[in-house]
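Report on the structure
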Amino acid sequence: AGWSLGKSIIGREQADWAANEFLEGSLDFSKAVSRELVLERDDEESPARLVDIKAYAPQEFRKLRSKFGISESEYLKSLLSSGPFVSFQSNSKGSTRTGGVFFFTRDGKYMIKTIKRAEVYALLQMLPKYFWFMRRNGRRSLLTRVCGMYEAKFHDSNKEFTFVVTNSVFPAESSTIITERFDLKGSTLGRECSEAERISKGTGAVLKDLDLMKEVDLVKSQQTPKEATSEGYGLHIGPVAKSALLTQLRKDVQLLVDCGVIDYSLLVGIARLDSTLVDEEQLRALDACREGELRLQLARRRKASDALVSALIKPVQVILAPPLYFYRKSWSILRKSLFWPLPYYGSGDCGVDTGSFARLYGDRLGQPAWYYFGVIDFLQPFNLQKRAEWKFKTFRYGEGFS
């Protein structure tokens, strides 16, 4: 924090990178380009620091950024000229445990994550497959958009860091509009948010597979056959969107299987549009993901009021069916387009094309909601260490582990 690119060389370095990094020609995923940059402290008393920056596969990542709709000038400006990066805490315990460091660029457009040497090799090995897959499926894929991989080596300390630049799955306004977060792996062993995290982080707590499964089972067990509806629990985006989403997810996961990587997650963020229907105490109980009876009570209350209104206006509906139909369709479209949250962050400012499944409209506990989706953390190779871990867990637990 507090370091920025030396003002005297910003223009020259950007020109050098533009001239050397983005050359046309045949693809070479093993190529790397190095440049020396000067970092200056905010206070004038601290001496400047020299750092060597190596850009891996610059031409291929440039083509990927073009596929993602990213302007090269804006991308360079965000990384080189927007000011000191902003540190934040990752939701990934695995990345935190291995010493990963996470930042946003100062303008909030990109996420920067340091990675281990094994992950560097994994990305370089999977890059050709990832490149061609995203060239074909970039408009729909849920995979994180990897915009570049770089290595920084500081002259005064000989410290080296390798980091990737990606888009963020959640919008920049996530702290104010997203009320639930899920990290889903499809496994059950230890996949539950702790009580301490729920209390300390509130709506920022990251829920997991068991939290979602228990909620679904609880609400379904308390519903009568007449009350049963999938809109009252779980992640509800409708049958058409569900089918399309799962189809693309299978394609994305098959690529990761082919690349020999594991431990990836489907990150889900939920922003309820009609959160004003419940007060603060009820919302806190909902976000704790434990009050199944309250969820059902709220759903029944809404259904009862809807049923009463429906009975009262039934004669009018029969007479005014055509106008009511067009009114409802118009209101549905208007509600989707005007209510918070705003469109996915980056679609207008940063220009990152995150795919048609990055944000989907649906229902959450009977309330209209926007869903944010993304597949993250797919750089862990299935190496000898992980194979041994897999054998041990298979012997000890049988199944259910990640």
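Quick summary incoming for the structure in this document. (Residues numbered from 1 in each chain as written. Predicted model: local features only at pLDDT ≥ 70, side-chain atom pairs only at ≥ 80, totals over all residues. Heavy atoms only, no water.)

1. Digging into the overall build of the protein chain
Here is the rule: Secondary structure elements follow DSSP: runs of H or I of four or more residues count as helices, runs of E of two or more count as strands, with numbering from the N terminus. The buried label applies to any residue whose accessible area, calculated with a 1.4 Å probe on protein chains only, is under 20% of its type's maximum; exposed applies above 50%, and partly exposed to all values in between. Note on areas: Shrake-Rupley, 1.4 Å probe, and residue coverage restricted to the protein chains presented here.
Regarding its fold elements, the protein chain presents 13 helices and 15 strands. When the 402 residues of the protein chain are sorted by exposure, 45% land in the buried category. Accessible surface for the protein chain amounts to roughly 21200 Å². Of this, 57% is attributable to carbon and sulfur atoms.

2. Digging into the packing of helix H5 (residues 117-137) against helix H9 (residues 239-258)
We count it as follows: Angular values range over 0 to 180 degrees, each being the angle between N-to-C directions of two axes fitted as lines to C-alpha atoms, with helices fitted over their stretch in contact. For classification, angles of less than 35 degrees are called roughly parallel, those exceeding 145 degrees roughly antiparallel, those between 65 and 115 degrees roughly perpendicular, and all remaining angles oblique. Throughout, a crossing is termed right-handed when the near helix is turned clockwise from the far one, and left-handed when it is turned anticlockwise from it by less than a right angle. Contact criterion: two residues are considered in contact whenever any of their non-hydrogen atoms come within 4.5 Å of each other. Three classes are used: nonpolar for Ala, Val, Leu, Ile, Met, Phe, Trp, Tyr, Cys and Pro, charged for Asp, Glu, Lys and Arg, and polar for all others, with Gly counted as polar.
Interhelical geometry of H5 versus H9 gives an angle of 165° and a closest axis separation of 10 Å. Regarding the angle of H5 to H9, the classification is roughly antiparallel. Crossing hand, H5 versus H9: right-handed. Within the contact between the two elements, H5 uses Met126, Lys129, Tyr130, Phe133 and Asn137 and H9 uses Gln248, Lys251, Asp252, Leu255, Leu256 and Asp258. Classifying every residue of the contact of H5 with H9 by side-chain character gives five nonpolar, two polar and four charged.

3. Points about H5
Residue pairs spaced three or four apart in an α-helix point in one direction, given the helix's 3.6 residues per turn. Threshold: Here a helix's expected span is defined as the number of its residues, less one, multiplied by 1.5 Å. Bend, in this description, refers to the angle at a residue between axes fitted to the seven residues ending there and the seven starting there.
Its 21 residues place the ends of H5 28 Å apart at the C-alpha level, agreeing with the 30 Å of an ideal helix rising 1.5 Å per residue. Of all bends in H5, the biggest is about 50°, found at Leu127, and the proline Pro128 comes one to four residues later. All buried positions along H5 are accounted for by Glu119, Val120, Ala122, Leu123, Met126, Leu127, Tyr130, Phe131, Phe133, Met134 and Asn137. For H5, the secondary structure elements touched by its buried residues are helix H2 (58-67), strand E7 (146-154), strand E8 (160-166), H9, strand E11 (261-262) and strand E15 (380-381).

4. Concerning unusual backbone geometry
Residue Ala57 is not a glycine yet carries a positive backbone phi of 40°. Note on placement: Ala57 falls in the loop between strand E3 (49-56) and H2. Positioned with a positive phi, Asp377 is a non-glycine residue whose angle comes to about 55°.

5. Observations regarding empty space enclosed by the protein
The test is simple: For cavity detection a 1 Å grid was placed over the protein atoms alone, and a set of points counts as a cavity when a 1.4 Å probe fits there but cannot get out; an open set counts as a pocket when protein lies on both sides within 12 Å along at least five of seven lines, with lining residues being those that have an atom within 4 Å of a point. Grid points are joined across faces, edges and corners, and a volume is the space filled by probe spheres set on the points.
Enumeration over the complete set of coordinates arrives at two cavities of 30 Å³ or more. By volume, the largest cavity is sized at about 80 Å³. When grouped by side-chain class, the residues that make up the lining of the largest cavity number six nonpolar, six polar and one charged.

6. Considering the sheet that holds strand E13 (residues 359-364)
Paired through their backbone hydrogen bonds, the strands of a sheet run either parallel or antiparallel. What counts here: Any two strands between which DSSP finds at least two bridges are classified as paired.
The mixed open sheet is built from five strands, whose spatial order is E10-E9-E12-E14-E13. A strand with exactly one partner marks an edge of an open sheet, and here the two such strands are strand E10 (206-207) and E13. One ladder, built from eight bridges, connects strand E12 (residues 265-272) with strand E14 (residues 367-376); its direction is antiparallel. Bridged to Leu267 within E14 is Gly374. Strands in contact with helix H8 (residues 209-222) are strand E9 (180-184), E10 and E13; relative to E9, the strand with the most contacts, it is inclined by about 110°.

7. Description of the nonpolar core
The test is simple: Buried Ala, Val, Leu, Ile, Met, Phe, Trp, Tyr and Cys residues form a nonpolar core when they are joined through side-chain atoms within 4.5 Å.
One finds Tyr130, Leu143, Val165, Phe373, Val375 and Phe378 to be the most contacted residues of the largest nonpolar core, which totals 64 residues. Excluding anything up to four places from it in sequence, Phe378 contacts Met126, Tyr130, Leu143, Thr144, Val146, Leu256, Val261 and Tyr264. With 11 residues, the next largest nonpolar core counts Val169, Ile178, Leu267 and Ala271 among its residues.

8. Some remarks on the pairing of E9
The buried fraction of E9 is high, at five of five residues. Neither face of E9 is left uncovered, since the one carrying Glu180, Phe182 and Leu184 and the one carrying Arg181 and Asp183 both have all their residues buried. Pairing between E9 and E12: five bridges, direction antiparallel. Bridging from a neighbouring strand, Asp183 pairs with Leu267 of E12. In terms of strand pairing, E9 meets E10 through two bridges, oriented parallel. If you follow Phe182 over to E10, its bridge partner there is Leu207.

9. Some details on the packing of aromatic side chains
We apply this condition: Planes of paired rings set the category: under 30 degrees apart is stacked, over 60 is edge-to-face and the rest tilted, where pairs are Phe, Tyr or Trp rings (Trp by its six-membered ring) whose centres lie within 6.5 Å. Criterion for a charge above a ring: Arg CZ or Lys NZ at most 6 Å from the ring centre, at most 35 degrees from the ring normal.
Applying the stated criterion to the full structure yields eight aromatic pairs. Both rings, one in Phe154 and one in Phe161, keep their centres 6.2 Å apart while their planes meet at 80°; by these two values the pair is edge-to-face. Between Tyr361 and Trp370 the ring centres are 5.3 Å apart and the planes differ by 70°, which places this aromatic pair in the edge-to-face class. The ring of Trp370 carries the charged tip of Arg359 above its face, separated from the ring centre by 4.1 Å.

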